[in-house]
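Understanding the architecture of this molecule
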Amino acid sequence: MNALPVIVGALCVMAISYRYYSAFIAARVLALDDSRPVPSQTMYDGHNYYPTNKWVLFGHHFAAISGAGPLVGPVLAAQFGFLPGLLWLVIGVCIGGAVHDFMILAASVRRRGKSLAEIARTEISPLSGVVAGVAILFIVVIALAGLGLVVVNALAESPWGTFTVGFTIPLALLMGLYMYRFRKGRIGEGTVIGIVGLFVAVVVGGRVAESSWAESFTFSKHTITLLMAAYGFIASVLPVWMLLCPRDYLSSYLKIGTIAFLIFGVILVHPQLNMPALTPFVAGGGPVIPGKLYPFVFITIACGAISGFHALISSGTTPKMLSKESDARVIGYGAMLMEGVVGVVALIAASSLFPGDYFAINTKVDTPEQKAAYVRMVESHAGGDFDLQPREIDQLQAESGEKNLRGRTGGAPTLALGIAKIFNAIPGMTGLMKYWYHFAIMFEALFILTTIDTGTRVGRFLVGEFAGRFYKKFEEPTWLPGSLITTALVVAGWAAFIWSGSISTIWPMFGVANQLLAAVALCVATTVIINSGKARYAWTTLLPLAFVGTTTLVAGWMSIKDIFLPLTRNPKTATQGYVDTTLTAILMAAAVVILFDSVRRWTGARRKPELTGQPVATEQPLPQSAG
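Fair warning: this is a prediction, and the values are worked out from it, not measured in the lab.

1. Description of the packing of aromatic side chains
Under the criterion given, the structure shown has 22 aromatic pairs. A centroid spacing of 5.8 Å and a plane angle of 40 degrees characterise the contact between Y44 and Y50, whose relative ring orientation is tilted. When the ring of F359 is compared with that of F386, the centres are 5.9 Å apart and the planes differ by 85 degrees; the resulting orientation is edge-to-face. With F359 in helix α15 (residues 355–362) and F386 in the loop between α16 (368–380) and α17 (393–400), this pair connects stretches of sequence that are 27 residues apart. Overall, the relative accessible area of 0% leaves F359 in the buried class.

Okay, structure coming up:
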């Protein structure tokens, strides 16, 4: 099938969804009102609460939510064929993910920028608040480990990527000081400096990789993990305007610019989707994802369609920087649609590879047993539309300058090859495969790394809120000792998972945890709608909740039974198997408790539950819409 109608159709559906469905939610469900004060004004501290330009904040928010999920998930899900992932991405993002992000952002803005757990406590019950708090802490650590592992795999032994990504840190510091101190308010000038600097970093990075300096920027996976942990710690403690916001804003230009250019390339080149619409692996037994299409495609594409991790950003850094309520529409709903576009483009890039080449890259061949299993798989699927005999792998390997592409699991190399293949086919770009491939690897790493800094900061807020119940000072985000302690705990947690895990063990647990968090967030959003006296609109969140909740609970049970428990039978992986099983079971139990507690709240008295703590944390009455 040709990719042109796929990308054009997806873009049209998302544009219509933003124009009409998000407008309906903004006007009828939320009744956004710019005359209402927002936390960045009422709680301004110049550190975490800071009114931010809409487009700068859009860049920060998009960079923060767009991690490994919309890039790696669709690539791995291509094992089932291009059609299941495509449908889930387009339909899921319009009626699920974008609504999820928009609702939680608006709810947090009207509650002093409080976290999802705190909103659950005040809107559902104290029990749900405690359970959600514990579950979210686990989920943050697991999610950051899943996202960070892809960065580690992409940057390890890659001096080009390491130099370019590293260069963006001092560049972002310069941008932050320029826009907020030296030339306050000159966003345009700071943007020009950032874009030029980023272009220089990409070009110089290629030169560094081919020079004697390459060794100085070539690090092992463990070293990259330590460097990333140090960066996450520093970025979480510094004021948002100094590093976090300008770096994410800068990264968003590379992200959106590359995706826009890739869309242009797909439209111009209109490559064939060589992966069939459905493969024999829909019934299970695939080398990338061992489970069946249902439910595993819905947790493999953990972002791009709907992502619970976004609820942490929408109730973390972003609501503290929103300048007015109406900005929530373009930032909450619009940024999620942009991530859906990223997922569709990633799926097209992966599906443009021939099936034999795709599975040669994504099948482990480290041991004699794995090599024998791969040979059997190829022999059993020869000929027809699903021929697993490699066709271009040797040519792609030579043109990309890589020593060996076979068995490079994890999704990142596959996506980089797909992107490079499309760019290389653009008239005038032929013969630059090597540069396109390494640029794509760098792009993926930078794309994902921006989620680590914001995610760590959100985790720090969550730990501080929880610890504040025992020692009040922890609730103050500007208290330096508390910031250092809570950040260190979060960083140590996700770094430990990356140090000992692999993509095959962390990603399924990340998918389950992420989608269970989405179900929790949708429970909270539904309760917010009902408590505000607009129960007639509760279907906007109940529909995605019903699907995501049931599907993910099934996926969690199957992951425990078929993936995690078998690890316990091998002495080398027993500890990891027990940890993965225990955490997944805890998260499933927490989601069920919150779901039943929410149903009890929905079916009980319609009056808002009595709130504990300071009354100023509650929401002001929602203005009633005309409808």
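2. Overview of the packing of helix α12 (residues 293–300) against helix α22 (residues 539–567)
A pair of packed helices is characterised by two quantities: the angle between their axes and the separation of those axes. α22 packs onto α12 with a crossing angle of 105 degrees between their chain directions and a minimal axis gap of 9 Å. The angle between α12 and α22 falls in the class roughly perpendicular. In contact with Y294, P295, F296, F298 and I299 of α12, α22 contributes F547, T551, T552, V554, A555, M558, S559 and I563. Classifying every residue of the contact of α12 with α22 by side-chain character gives ten nonpolar, three polar and no charged.

3. Topic: the pattern of salt bridges
A complete count under the given rule lists nine salt bridges for this structure. One salt bridge in this structure joins R36 and E325, with 3.4 Å as the shortest N-O distance. Remark: E325 occurs in the loop between α13 (309–314) and α14 (327–351) and R36 occurs in the loop between α1 (4–29) and α2 (39–42); sequence separation between them is 289 residues. Like E325, R36 is buried. Salt-bridge contacts for E123 lead to R111; the nearest nitrogen and oxygen are separated by 3.0 Å. Taken as a pair, E123 in helix α6 (residues 116–123) and R111 in the loop between α5 (82–109) and α6 lie far apart in primary sequence, twelve residues in all.

4. A short note on the nonpolar core
Grouped together as the largest cluster of nonpolar side chains are 184 residues, with contacts concentrated most on I25, I136, Y333, V344 and W494. The residues contacting V344, other than those within four sequence positions of it, are I7, A10, M14, L86, L89 and V90.

5. A look at a nonpolar patch on the surface
Together, V192, V196, F199, V200, V203 and V204 make up an exposed nonpolar region whose accessible area comes to about 500 Å². The exposure class assigned to V204 is partly exposed, which follows from its relative accessible area of 33%.

6. Looking at helix α3 (residues 54–65)
Relative to the 16 Å expected for twelve residues at 1.5 Å per residue, α3 spans 16 Å between its end C-alpha atoms, a close match to the ideal helical length. Most of α3 is tucked away: ten of the twelve residues are buried. Those residues of α3 that fall on the buried side of the exposure criterion are V56, L57, F58, G59, H60, H61, F62, A63, A64 and I65. Taking the backbone nitrogen of W55 as reference, a side-chain oxygen 2.9 Å away marks N53 as the first, capping residue of α3.

7. Here's the deal with the confidence of the model for the chain
Within the chain, residue pLDDT values average 84, and 92% of them lie at 70 or more. The low-confidence segment residues 608–618 (pLDDT under 50) makes 18 contacts with residues lying over four places distant or belonging to another chain. Confidence over residues 620–627 falls short of pLDDT 50; this stretch has 20 contacts with residues more than four positions distant or in other chains.

8. Regarding the environment of T486
Along the chain, T486 falls in helix α20 (residues 480–500). Along the chain, T486 and I422 lie 64 residues apart, while their C-alpha atoms are 44 Å from each other. Apart from residues no more than four positions distant in its own chain, T486 is found in contact with R460, V463, G464 and F474. Among the polar contacts made by the side chain of T486, one reaches the main-chain carbonyl oxygen of S483 at a distance of 3.3 Å.

9. Examining the packing of α3 against α14
It is at 9 Å that the axes of α3 and α14 come closest, and there the two elements cross at 40 degrees. Classified by the angle their axes make, α3 and α14 are oblique. In this structure, the crossing between α3 and α14 has a hand that is right-handed. Residue-level contacts link K54, W55, L57, F58, H61, F62 and I65 of α3 to D327, V330, I331, G334, A335, M336, M338, E339 and V342 of α14. Residues belonging to the contact of α3 with α14 are distributed by class as follows: eleven nonpolar, two polar and three charged.

10. Remarks on the state of the cysteines
On inspection of all chains with the given rule, the structure shows zero disulfides. With no disulfide of its own, C12 lies closest to C94 among cysteine sulfurs, the gap being 11 Å.

11. Considerations on the environment of L173
Here L173 is to be found in helix α8 (residues 159–182). On the basis of relative accessibility, which here comes to 27%, the residue L173 falls in the partly exposed class. Residues L173 and P246, 73 residues apart in the sequence, show an inter-C-alpha distance of 7.3 Å.

12. Points about unusual backbone geometry
The residue after Y294, namely P295, is reached through a cis peptide bond having omega 10 degrees. Here P295 lies in helix α12. Although it is not a glycine, A31 sits at a positive phi angle of roughly 50 degrees. Tracing the backbone shows A31 in the loop between α1 and α2. A residue is classified by how much of its surface remains accessible, and A31, at 8% relative accessible area, is buried. Non-glycine residue H270 carries a positive phi angle of around 35 degrees. Locating H270 in the fold gives a position in the loop between α11 (240–269) and α12. Looking at H270, the relative accessible area reads 36%, which means it is partly exposed.

Definitions and limits used
Residues numbered from 1 in each chain as written. Predicted model: local features only at pLDDT ≥ 70, side-chain atom pairs only at ≥ 80, totals over all residues. Heavy atoms only, no water. Phe/Tyr/Trp six-rings, centres within 6.5 Å; stacked < 30°, edge-to-face > 60°. Helix = DSSP H or I, 4+ residues; strand = E, 2+ residues; numbered from the N terminus. Buried < 20%, exposed > 50% of the residue type's maximum accessible area, 1.4 Å probe, protein only. Axes fitted to C-alpha atoms, helices over the stretch in contact; angles between N-to-C directions. Parallel < 35°, antiparallel > 145°, perpendicular 65-115°, else oblique. Contact = heavy atoms within 4.5 Å. Nonpolar A, V, L, I, M, F, W, Y, C, P; charged D, E, K, R; others polar. Salt bridge = Lys/Arg side-chain N within 4 Å of Asp/Glu carboxyl O. Core = buried A, V, L, I, M, F, W, Y, C linked by side-chain atoms within 4.5 Å. Patch = residues over 30% accessible without salt bridge, like charges linked within 9 Å, V, L, I, M, F, W, Y side chains within 5 Å. Areas by Shrake-Rupley, 256 points an atom, 1.4 Å probe, with all protein chains shown as cover. Expected span 1.5 Å × (residues − 1). Polar contact = N/O pair within 3.5 Å; in protein donor to acceptor, adjacent residues only side chain to side chain. pLDDT = per-residue confidence, 0-100. Left-handed = near helix turned anticlockwise from the far one by under 90°. Disulfide = S-S within 2.5 Å.

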